[in-house]
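Secondary and tertiary structure notes
So the chains spell out like this:
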Amino acid sequence: MKGNVSKEQYVLSVIQKAYDKGQQGDMNTDKMIDWLKQELQTGYALNQRKAL
């Protein structure tokens, strides 16, 4: 259960960062989607390495 909470917190923090960047005018929709994919894939890869 604790792992799910931290995953959810990570996803929410990434979404918050994307929202903040969007509010600053740094991103259009396509850039935001690409950025979200990159951040989530990087976070997933880091979590997989920690599990090993």
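A brief look at the structure comes next. (Residues numbered from 1 in each chain as written. Predicted model: local features only at pLDDT ≥ 70, side-chain atom pairs only at ≥ 80, totals over all residues. Heavy atoms only, no water.)

Moving on: the nonpolar core. Counting residues in each nonpolar core, the largest one holds five residues, listed as V14, A18, M27, W35 and L36. At the level of secondary structure, the elements contributing two or more residues to this core comprise α1 (2-23) and α2 (29-51). For L36, the contacting residues outside a window of four places in its chain are V14, I15 and A18. (Core = buried A, V, L, I, M, F, W, Y, C linked by side-chain atoms within 4.5 Å. Buried < 20%, exposed > 50% of the residue type's maximum accessible area, 1.4 Å probe, protein only. Helix = DSSP H or I, 4+ residues; strand = E, 2+ residues; numbered from the N terminus. Contact = heavy atoms within 4.5 Å.)

Here E39 shows up in helix α2. Put simply, E39 and Y10 are 29 residues apart on the chain and 9.9 Å apart in space, counted from C-alpha to C-alpha.

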